[in-house]
Amino acid sequence: MDSSSLKGLLEEHAQLEEQLADPSVHADQARARKLGRRYAELSPVVKTVRELDTARDDLETAKELASEDSTFAAEAEEISAKIPVLESKLTELLLPRDPYDGSDVVMEIKSGEGGEESALFAGDLLRMYLRYAERHGWKAEVLDSVDSDLGGFKDVTVSIKSRSADVDGVWARLKFEGGVHRVQRVPATESQGRIHTSASGVLIYPEPEDVEVEIDPNDLRIDVYRSSGPGGQSVNTTDSAVRITHLPTGVVVSCQNEKSQIQNRARALQVLQARLQAIAEEEAAAKASDARRSQVRTVDRSERVRTYNFAENRIADHRVNYKAYNLDQVLDGDLDGVLNALITADREERLAAHAG
């Protein structure tokens, strides 16, 4: 990045600081959250630029003094070694960011190959993500679910929200979870003790605050029905659950978790907008660059991304050759090991592309 662009970022940071100090800005919580997130995003850049400027000034001074006093030569050498580290850090901070890294997410988990066993595994995945959200202090809410006979899920939709306006929010941590998750274990339905392989699909997309997709009401079919609990039993005597079908794309979104039909309809529309936004962006990204591995993340379930092997207590992510033997802990929500490996691989790929 050239010096004029960097100067622009420093000026933007100063303006944001001034705006956030104005009490009237905080009357609009959405605006304050947006400004706060951008300020937090720029703060590490500003801090590193200042450290780099200070180091360069100190190096110049130490070199001047070293000609008169040799003890400053060692200090100059020490400062000189710090500068490339700070320059590398600044380069990484200035890499283009995913604009949705601070966003909340909507996740869908669907049973696939393997029948009832796949549905049980979908339930295991749901618990894993709910436990992970709990560990991070996020709010997770099941919006809709279709239960299986043995207590699993044929289909479940969950909203996961951060309780703070972090630069790296839920999407930044979970965006690479989309794809086919394969399980290898002895199913509860297997009497012979044989290991079976089945799979469940995960769809994940950001839930941006300002959704840009416009939906024509004529493109929607809206059905209402009674909310159901475990085993399909009715838990509501009124038709409060809502199912919306977007006719041009065939995307179906259901919501039955809210207390009224109006609330369920509003929430389902919100999820539909986010889903259509994700699809539109995936299609645009695919046309722009088929090579971007990070763009395979949300709507394409054809890629097998991970295997969960119960017999060996092993988890393997096939995209980054990650392997660990702590599957029991992972299923209890300890996902940071595999997620960090994915995030690191993505960062290294972006750095390599920038250098190229």
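Rules and cut-offs
- Residues numbered from 1 in each chain as written.
- Predicted model: local features only at pLDDT ≥ 70, side-chain atom pairs only at ≥ 80, totals over all residues.
- Heavy atoms only, no water.
- UniProt positions renumbered as here; feature names shortened; annotations may be inferred.
- Helix = DSSP H or I, 4+ residues; strand = E, 2+ residues; numbered from the N terminus.
- Buried < 20%, exposed > 50% of the residue type's maximum accessible area, 1.4 Å probe, protein only.
- Contact = heavy atoms within 4.5 Å.
- Areas by Shrake-Rupley, 256 points an atom, 1.4 Å probe, with all protein chains shown as cover.
- Pairing = 2+ DSSP bridges.
- Axes fitted to C-alpha atoms, helices over the stretch in contact; angles between N-to-C directions.
- pLDDT = per-residue confidence, 0-100.

- An unreviewed UniProt entry lists the protein chain under the name Peptide chain release factor 1, with Amycolatopsis umgeniensis given as the organism.
- Turning to the protein chain, the UniProt record has this under Function (unreviewed entry): "Peptide chain release factor 1 directs the termination of translation in response to the peptide chain termination codons UAG and UAA."
- On record in UniProt, under Subcellular location (unreviewed entry), the comment for the protein chain is "Cytoplasm".

## Quick word on the overall build of the protein chain
- Within the protein chain one finds eight helices and eleven strands.
- Counting across all 356 residues of the protein chain, residues that qualify as buried make up 42%.
- Long-range contacts, defined as pairs at least 24 residues apart, comprise 62% of the intrachain contacts of the protein chain with a sequence gap of at least 6.
- Surface summary for the protein chain: the accessible area is close to 18800 Å², and the carbon and sulfur share equals 48%.

## With respect to the sheet that holds strand E4 (residues 179-185)
- If you walk across this open sheet you meet the eight strands as E2-E3-E1-E5-E4-E9-E10-E11, and the pairing is mixed. Each of the sheet's edge strands pairs with one partner strand only, and the pair in question is strand E2 (139-147) and strand E11 (322-324). Neighbour to neighbour, the strand axes of the sheet diverge by 15 degrees on average, direction disregarded.
- Here E4 runs beside strand E5 (residues 196-207); their pairing, made up of seven bridges, is antiparallel. Bridged to glutamine 184 within E5 is threonine 197.
- Strands strand E1 (104-111), E2, strand E3 (153-161), E4, E5 and strand E9 (304-309) of the sheet are contacted by helix H4 (residues 115-135), whose axis makes an angle of about 110 degrees with E4.
- Against the sheet, helix H8 (residues 336-355) contacts E9, strand E10 (314-317) and E11, and its axis sits at roughly 165 degrees relative to E11.

## Quick look at unusual backbone geometry
- Within the chain, asparagine 313 stands out as a residue other than glycine whose phi angle is a positive 55 degrees.
- Along the polypeptide, asparagine 313 turns up in the loop between E9 and E10.

## Some thoughts on the confidence of the model for the protein chain
- When pLDDT is averaged across the protein chain, the result is 85; 88% of the residues are at 70 or more.
- Mean pLDDT per element in the protein chain: helix H6 (residues 261-288) is the minimum at 81, and helix H7 (residues 327-331) is the maximum at 97.
- In this model residues 230-236 is a low-confidence stretch, pLDDT under 50, and it forms twelve contacts with partners more than four residues away in sequence or in other chains.
- In this model, residues 290-301 is a region of pLDDT below 50 whose contacts with residues beyond four sequence positions or in other chains number 32 contacts.

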